[in-house]
Amino acid sequence: MEKIGEWGYVVMANNMLGIMSLNRGNAPYAMDYYLKALSYCEKYGLPNLEWIVHMNIGSLYLNIHEYQKALDHLESGYHYIIVNPTMPGYIEHLTAAYLNIAKAYLFMGKEESGQEMFATAARYNDKIEKECKPYLQNVDGLVVSCFQARFYYERGQEDALLREIRRIGDYLKEEVPIMDVYDDLYEYMRMLLDGKRYEDFKDCYFIVEELTKQTNIRNLEKKLLTLLVCYYKAIEDQDNFQKAAVTYYELSEEMEKENSVMVASMINMRNSLNNLAQINWEVEQENIALHRKSETDPLTGLYNRYKLNEYGEDAFIRAREQQTPLGIEILDIDYFKEYNDNYGHQAGDEALKMVSRMIMQMQHQGEVFCSRYGGDEFVLIYSGMSEEETYRWAEHLKQMILRQAVEHKYSKAAEVLTISQGICWGVPVEENKVWDYLHAADELLYQVKKVSRNSIRLGHLGDVERFANHD
């Protein structure tokens, strides 16, 4: 399509790939495709498609709670719609613009307690009532009712809320194209849970669940299941809560496999598109910022497990090919459960943040990659350092944390917060994998905790395998 100059089809293809990526839970890839589509629209003058892409980017930003950015794109789409009243589907497009703009102002008002934001959301709600609602049918009416139910809930208008709940129930008795209304119904059901309207939630949930299963999209099923888990927890139904949690885990496993296939497919596609025009710098910066959010842990600011997988594999292959040393460390906080149980989860979070700050200094001071592995476990990767240097850096980290002198009178290792560290060091050979080193580091950490916490054990892959088998 590029070779024959069919830029409109190139835009539509990127836009559709963005929608598919977002439905499968991959917002960074979705944004990448949308921004590519937008750049072609601007370059080749395609306003009849550009407004659609702006609306989709606006919806994406709404989903990640970036409301001002959402408004910037939504208003670009809205301005195109209102100057083209003869376009096919004008009322439906106008309704979608009003709805998303109203949502942005409503949520900004919630976060900032801004009466002016609520007032603006109310004005757009009035526009929907007067200019759109009389002409809407079926699915478009359902989308409007989902928003208005949330709007009236936030404004405390009980009679209006009950009216919309009844309408939504009536809509769901008919055939519903779930892909067109999934996000709206999801947010509506979340509102029902927040408002403790458990019967209304249950009536809606199982209809939506059945429709979602028919899509065979694991991300949508998994997202929906989070609501069911919250519901069973709220009504204290322990048996069903546990069943839902197990199903959630199983879906997560399936989704991880599905995402691996999808990412591999996208990488192959990108390799075949090397001759496409360069996207402008500003567009790339937006994508980079979004991608950065996807690879960092929100509590500590360290890289997360997703980034660890990516970096660890690259670092390992590089060390193997160049025959340079690599050290992989797993550490955890000594007696962290006792700390959490006795000082409270907020104090536990602060302890995790403190340890993360010390670890972050390692990243700034030397060639050390740092990430949160899960819970109170962290992983560090030392590239190109001798055995002595690696141990010295690990000891440096241990001392930095000790110097913080965070009281932990429930620890059996010391009177203050401490860490235990296991490090696998060596020069990788052909038959080794990065997970061999991670597993060995975990085994070394286990050995430390058996013998004496607040300590470091550095070993080699072969040695670890021998004493692991012996144990």
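The model shown is predicted, which means the values in this text are computed figures rather than measured ones.

1. A word on the overall build of the protein
Helices and strands together make up the secondary structure of the protein, namely 19 helices and five strands. Every one of the 471 residues in the protein was classed for burial, and the buried ones make up 46%. Once local pairs closer than 6 in sequence are excluded, the contacts in the protein between residues at least 24 apart make up 65%. With an accessible surface of roughly 24,000 Å², the protein has 49% of that area assigned to carbon and sulfur atoms.

2. Topic: the packing of helix α9 (residues 178-194) against helix α11 (residues 218-234)
Across the interface, α9 lies against α11 with an axial gap of 11 Å and an inter-helix angle of 15 degrees. Put simply, α9 runs roughly parallel to α11. Considering how the two elements wind past one another, α9 and α11 form a crossing that is left-handed. Here Met179, Tyr182, Asp183, Tyr186, Met189, Arg190 and Leu193 of α9 lie close against α11, whose contacting residues are Leu220, Lys223, Leu224, Thr226, Leu227, Cys230 and Tyr231. Looking at the contact of α9 with α11, its residues break down into ten nonpolar, one polar and three charged.

3. Things to note about the pairing of strand β5 (residues 456-459)
Here strand β4 (residues 419-426) runs beside β5; their pairing, made up of four bridges, is parallel. In the strand pairing of β5, Cys424 is matched with Gly459.

4. Describing a nonpolar patch on the surface
Among the surface-exposed residues, Met1, Tyr9 and Met12 lie close enough to one another that they form a single nonpolar patch of about 330 Å² accessible area. With respect to the helices and strands, the residue Tyr9 is situated in helix α1 (residues 7-23). When its relative accessible area of 46% is taken as the criterion, Tyr9 is described as partly exposed.

5. Some thoughts on the side chain of Gln148
Here Gln148 shows up in helix α7 (residues 138-155). Among the polar contacts listed, one links the side chain of Gln148 to the side chain of Asn125, at a separation of 2.9 Å. Residues in contact with Gln148, not counting those within four places in the same chain, are Asn125, Ile128, Glu129, Lys133 and Glu164.

6. Describing helix α14 (residues 305-322)
The end-to-end C-alpha distance of α14 is 25 Å, a good match for the 26 Å that 18 residues give at a rise of 1.5 Å each. Within α14, burial applies to Lys307, Leu308, Gly312, Ala315, Phe316 and Ala319. End-on view of α14: buried residues confined to an arc of 145 degrees, all on one side of the axis. On its buried face, α14 sits against β1 (326-333), β2 (368-374), β3 (377-383) and α18 (434-451). The N-cap residue of α14 is Asn304: its side-chain oxygen and the backbone nitrogen of Tyr306 are 3.1 Å apart. Just downstream of α14, Gln323 is the residue with a positive phi angle, here 55 degrees.

7. Brief notes about the nonpolar core
Ranked by internal contacts, the top residues of the largest apolar core, which has 86 residues, are Leu185, Tyr188 and Met189. The dominant element in this core, judged by the number of residues it contributes, is helix α5 (residues 90-112), at twelve residues. For Leu185, the contacting residues outside a window of four places in its chain are Leu142, Cys146, Ile168, Leu172, Ile178, Cys204 and Val208.

8. Points about the packing of aromatic side chains
All chains considered together, the criterion is met by 22 aromatic pairs. The structure contains a cluster of three or more aromatic residues connected by ring pairs, namely Tyr198, Phe201, Tyr205, Phe206, Tyr231 and Tyr232. For Lys223, the ring lying beneath its charged end belongs to Tyr186, and the centroid distance is 4.5 Å. It is Arg453 that lies over the ring of Tyr335; its NZ or CZ is 4.2 Å from the centre.

9. Considering the pattern of salt bridges
Considering all chains together, one arrives at 17 salt bridges under this definition. With a shortest N-O distance of 3.6 Å, Asp183 and Lys223 are connected by a salt bridge. With Asp183 in helix α9 and Lys223 in helix α11, this pair connects stretches of sequence that are 40 residues apart. For Asp183, a relative accessible area of 36% gives the class partly exposed. In this structure, Lys337 and Asp341 form a salt bridge, with 2.8 Å as the shortest nitrogen-oxygen distance.

10. Quick notes on unusual backbone geometry
Of note, the phi angle at Ala405 is positive, near 50 degrees, even though the residue is not glycine. Counting through the fold element by element, Ala405 comes out in the loop between α17 (387-403) and β4. Positive phi, normally seen in glycine, also occurs at Asn454, with a value near 60 degrees. Tracing the sequence through the fold places Asn454 in the loop between α18 and β5.

11. Observations concerning the sheet that holds β1
Taken in spatial order, the five strands of this open sheet run β2-β3-β1-β4-β5, and their pairing is mixed. Every other strand in the sheet has two partners, leaving β2 and β5 as the edge strands with one partner each. Averaged over all pairs of adjacent strands, the angle between strand axes in this sheet comes to 15 degrees, irrespective of strand direction. Packing of α17 onto the sheet brings it into contact with β1, β3, β4 and β5, and relative to β4 it is tilted by some 165 degrees.

12. A few points about the environment of Gly18
Inspection of the secondary structure puts Gly18 in helix α1. Taking C-alpha positions, Gly18 is 9.5 Å from Val53, a pair spaced 35 residues apart along the chain. Those residues in contact with Gly18 that lie beyond four places of it in its chain are Ala30, Tyr33 and Tyr34.

13. Here we look at helix α10 (residues 198-215)
With 18 residues, α10 ought to run about 26 Å at 1.5 Å a step, and its terminal C-alpha atoms sit 26 Å apart, in line with that. Taken residue by residue, α10 has Phe201, Cys204, Tyr205, Val208, Glu209, Leu211 and Thr212 as its buried positions. Residues of α10 that are buried sit in contact with α9 and α11. Count one or two residues on from α10 and you reach Asn216, which has phi positive near 60 degrees.

14. Comments concerning the packing of α10 against α11
Taken N-terminus to C-terminus, the directions of α10 and α11 make an angle of 155 degrees; their axes are 10 Å apart at the nearest point. Put simply, α10 runs roughly antiparallel to α11. The crossing of α10 and α11 is left-handed. Facing α10, whose interface residues are Tyr198, Phe201, Lys202, Tyr205, Phe206, Val208, Glu209, Thr212, Lys213 and Thr215, α11 presents Leu220, Glu221, Leu224, Leu225, Leu227, Leu228, Tyr231, Tyr232 and Ala234.

Quick notes on the rules
- Residues numbered from 1 in each chain as written.
- Predicted model: local features only at pLDDT ≥ 70, side-chain atom pairs only at ≥ 80, totals over all residues.
- Heavy atoms only, no water.
- Helix = DSSP H or I, 4+ residues; strand = E, 2+ residues; numbered from the N terminus.
- Buried < 20%, exposed > 50% of the residue type's maximum accessible area, 1.4 Å probe, protein only.
- Contact = heavy atoms within 4.5 Å.
- Areas by Shrake-Rupley, 256 points an atom, 1.4 Å probe, with all protein chains shown as cover.
- Axes fitted to C-alpha atoms, helices over the stretch in contact; angles between N-to-C directions.
- Parallel < 35°, antiparallel > 145°, perpendicular 65-115°, else oblique.
- Left-handed = near helix turned anticlockwise from the far one by under 90°.
- Nonpolar A, V, L, I, M, F, W, Y, C, P; charged D, E, K, R; others polar.
- Pairing = 2+ DSSP bridges.
- Patch = residues over 30% accessible without salt bridge, like charges linked within 9 Å, V, L, I, M, F, W, Y side chains within 5 Å.
- Salt bridge = Lys/Arg side-chain N within 4 Å of Asp/Glu carboxyl O.
- Polar contact = N/O pair within 3.5 Å; in protein donor to acceptor, adjacent residues only side chain to side chain.
- Expected span 1.5 Å × (residues − 1).
- Arc of directions from axis to C-beta.
- Core = buried A, V, L, I, M, F, W, Y, C linked by side-chain atoms within 4.5 Å.
- Phe/Tyr/Trp six-rings, centres within 6.5 Å; stacked < 30°, edge-to-face > 60°.
- Lys NZ or Arg CZ within 6 Å of the ring centre and 35° of its normal.

Taken by themselves, the reported measurements are silent on function.
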